[in-house]
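# Breakdown of the fold
Spelled out, the chains give:
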Amino acid sequence: MRPEPLTQWKILGQIDSESRTLAESLNLSPVTARLLRNRGLTEVEAVRKFMTPSLGDFHDPHLMKDMDRAVERLERAVRKNEKILIHGDYDVDGICATAMM
């Protein structure tokens, strides 16, 4: 017996005229445009910002709880030449982020 999926995927139907227009405006494939629309990105500027973010588009990591403590601890470990363990999860962005660290 298969386990129930953890998330419910909402796949919108065929590629519609809005997806084609978005694809043409941004030089994307219609399938990519449709996937972006499925994520709620329907405006050209929103898609452009999503596809080519700048550093200013990211959230300030120091807004996370106890980030100042984490930074202090990492700085101390570097100064004392201590080993640092990097732990990440097993989804695509977790594996990539962990590998980059």
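Residues numbered from 1 in each chain as written. Predicted model: local features only at pLDDT ≥ 70, side-chain atom pairs only at ≥ 80, totals over all residues. Heavy atoms only, no water.

## Some details on the overall build of the chain
Helices and strands together make up the secondary structure of the chain, namely 5 helices and 0 strands. Its helices and strands in sequence order give the chain the pattern α-α-α-α-α, from N to C terminus. By the burial criterion, 13% of the 101 residues in the chain qualify as buried. Accessible area of the chain: about 9,400 Å², with a carbon and sulfur share of 58%. (Helix = DSSP H or I, 4+ residues; strand = E, 2+ residues; numbered from the N terminus. Buried < 20%, exposed > 50% of the residue type's maximum accessible area, 1.4 Å probe, protein only. Areas by Shrake-Rupley, 256 points an atom, 1.4 Å probe, with all protein chains shown as cover.)

## Let's talk about the pattern of salt bridges
Within this structure, the stated rule accounts for 7 salt bridges. As a salt-bridge pair, R73 and E82 come within 2.9 Å of each other at their nearest N and O atoms. Among the charged side chains, a salt-bridge network with shared partners connects D16, R34 and R37. (Salt bridge = Lys/Arg side-chain N within 4 Å of Asp/Glu carboxyl O.)

## Let's talk about a nonpolar patch on the surface
The grouping of L74, V78, I84, I86 and M101 at the surface amounts to a nonpolar patch, some 500 Å² of accessible area in total. Note that I86 resides in the loop between α4 (67-79) and α5 (92-100). Looking at I86, the relative accessible area reads 36%, which means it is partly exposed. (Patch = residues over 30% accessible without salt bridge, like charges linked within 9 Å, V, L, I, M, F, W, Y side chains within 5 Å.)

## Observations concerning the side chain of R34
Tracing the chain through its elements places R34 in helix α2 (residues 30-38). Note on R34: relative accessible area 10%, which makes it buried. At a separation of 2.7 Å, a polar atom in the side chain of R34 contacts the side chain of D16. (Polar contact = N/O pair within 3.5 Å; in protein donor to acceptor, adjacent residues only side chain to side chain.)

## Digging into the side chain of S19
Positionally, S19 belongs in helix α1 (residues 17-26). Side chain to side chain, S19 and R37 meet in a polar contact 3.3 Å long. When near neighbours in sequence (up to four residues on either side) are disregarded, S19 contacts P30, A33, R34 and R37. (Contact = heavy atoms within 4.5 Å.)

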